[in-house]
Amino acid sequence: MPEPSSNPAFSAVVLGATGAVGRHVVIELARSSHWGKVTALGRRPLELSGTPPEKLRQEQVDLYDPAAYENFLSGHQAAFCTLGVGQPSKVSRDELYRVDVEAVALFAEACRRQGVEHFSLLTAIGANPGSRIYYLRFKGEIEERIKALGFTRVSFFRPSMLMTPKNRYGFSQAMLLRLYPWLDKVLAGPMRNFRSIKVADLGRAMVKNAEKPGSGVEILHWSEFSRI
């Protein structure tokens, strides 16, 4: 049976499309007949093959200057933000905050001004504005700031270990990619939310979740997004 044509009534914008998860969010949006238009914003273009050129629009923008991209946000019902520092331990605390909190907040505020109804954010398990771990404190802070904006629907995805097809960051990630599948087998009960997830599966879950009706604020851990 042929794939139905894309629905022009639904459109989505993505910030962080060149990241491990963001790339798969864009791929899934472009493949799905639910979405008629997809806009990917980033500092560099995303190289994709097989994506309908009439459906995907890419714009290179300054992440810290909403005036550089706000005009691209109008007309989108959903926004996905997967922006973040790949190796938080390799950058200063100030730089991490600038990317994971300030740039994300600017994007969310611009989306809200332009009428976006549903905002999906890739965050992290343990996110808490009161955490003693600054990475988790930053993730908790940005969640609180986005909640306060008054979107019709907000979805926070809190994964633990992200499994990428290739080692991107050297020895430490290589060891985690090798060992974590074994650890997953013993993470049961209340610990199951610390299980790993493939970046492709998480990107797909974020898109499929946005295709379902919903409202208010939802927090999704492994137990939820592994079933989507």
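Up top is the structure these notes are about.
Q: Which parts of the structure should I look at to understand the overall build of the chain?
A: Helix and strand counts for the chain come out as six helices and nine strands. Buried positions account for 46% of the 228 residues belonging to the chain. Intrachain contacts of the chain at a sequence separation of at least 6 include 69% that bridge at least 24 residues. Of the accessible surface of the chain, which amounts to about 11500 Å², a share of 52% is contributed by carbon and sulfur atoms.

Q: Would you explain the pairing of strand β2 (residues 37–42) in this entry?
A: Regular strands have side chains that alternate between both faces of the sheet. Counting buried positions along β2 yields five of six residues, so the element is predominantly enclosed. With respect to chirality, the unit in which strand β1 (residues 11–15) leads through helix α1 (residues 20–31) into the neighbouring parallel β2 is right-handed. Here five bridges tie β2 to strand β3 (residues 56–60), and the two strands are oriented parallel to one another. Note on β3: the bridge partner recorded for L41 is E59.

Q: When you look at the layout of surface pockets in this model, what are you seeing that I'm missing?
A: Taking a probe equal in size to a water molecule and rolling it over the atoms shows the remaining empty space. Considering only enclosed or pocket space, the second largest pocket measures out at about 210 Å³ in volume. What lines the second largest pocket is a set of 14 residues, among which F10, Q77, E117, H118 and A210 lie closest to the centre. Per-class residue counts for the lining of the second largest pocket are five nonpolar, five polar and four charged.

Q: Any chance you could explain the nonpolar core here in plain terms?
A: Within soluble globular proteins, side chains that are nonpolar tend to cluster in buried spots. Ranked by internal contacts, the top residues of the largest apolar core, which has 31 residues, are L41, F107, F119 and I146. If you list the elements that add at least two residues to this core, you get β1, β4 (78–81), α2 (93–113), β5 (118–122), α3 (134–147) and β6 (153–157). Broken down by element, the residue count for this core peaks at ten residues, all from α2. For F119, the contacting residues outside a window of four places in its chain are A79, C81, F107, A108, C111, I146, F151, R153, V154 and S155.

Q: What is the right way to read the packing of α2 against α3 from this model?
A: Between two packed helices, both the angle of their axes relative to each other and the distance between the axes serve to describe the pair. Contact geometry of α2 with α3 gives a least axis separation of 10 Å together with a crossing angle of 15°. In terms of their interaxial angle, α2 and α3 are classed as roughly parallel. You can see that α2 and α3 cross each other, and the crossing is right-handed. Between α2, through R93, L96, Y97, D100, V101, V104, A105, A108 and E109, and α3, the contact on the second element is made entirely by Y134, Y135, R137, F138, K139, E141, I142, R145 and I146. The residue inventory of the contact of α2 with α3, partitioned by class, reads eleven nonpolar, no polar and seven charged.

Q: Explain the sheet that holds β6 here, please?
A: Backbone-to-backbone hydrogen bonds join strands into a sheet, with any given pair of strands oriented parallel or antiparallel. Spatial ordering of the open sheet is given by β3-β2-β1-β4-β5-β6-β9, a layout of seven strands whose pairing is parallel. Both outer strands of the open sheet, β3 and β9 (216–220), are each paired with one neighbouring strand and no more. Going from strand to strand, the sheet's axes swing by 15° on average, the running direction of each strand aside. Across the sheet, α2 touches β1, β2, β4 and β5, and the angle it forms with β4 is around 180°.

Criteria and thresholds
- Residues numbered from 1 in each chain as written.
- Predicted model: local features only at pLDDT ≥ 70, side-chain atom pairs only at ≥ 80, totals over all residues.
- Heavy atoms only, no water.
- Helix = DSSP H or I, 4+ residues; strand = E, 2+ residues; numbered from the N terminus.
- Buried < 20%, exposed > 50% of the residue type's maximum accessible area, 1.4 Å probe, protein only.
- Contact = heavy atoms within 4.5 Å.
- Areas by Shrake-Rupley, 256 points an atom, 1.4 Å probe, with all protein chains shown as cover.
- Right-handed = clockwise from strand over helix to strand, strands pointing away.
- Pairing = 2+ DSSP bridges.
- 1 Å grid on protein atoms, 1.4 Å probe; cavity = no way out; pocket = protein on both sides within 12 Å on 5 of 7 lines; lining within 4 Å.
- Points joined across faces, edges and corners; volume = space filled by probe spheres on them.
- Nonpolar A, V, L, I, M, F, W, Y, C, P; charged D, E, K, R; others polar.
- Core = buried A, V, L, I, M, F, W, Y, C linked by side-chain atoms within 4.5 Å.
- Axes fitted to C-alpha atoms, helices over the stretch in contact; angles between N-to-C directions.
- Parallel < 35°, antiparallel > 145°, perpendicular 65-115°, else oblique.
- Left-handed = near helix turned anticlockwise from the far one by under 90°.

Worth remembering: the numbers are spatial, not functional.
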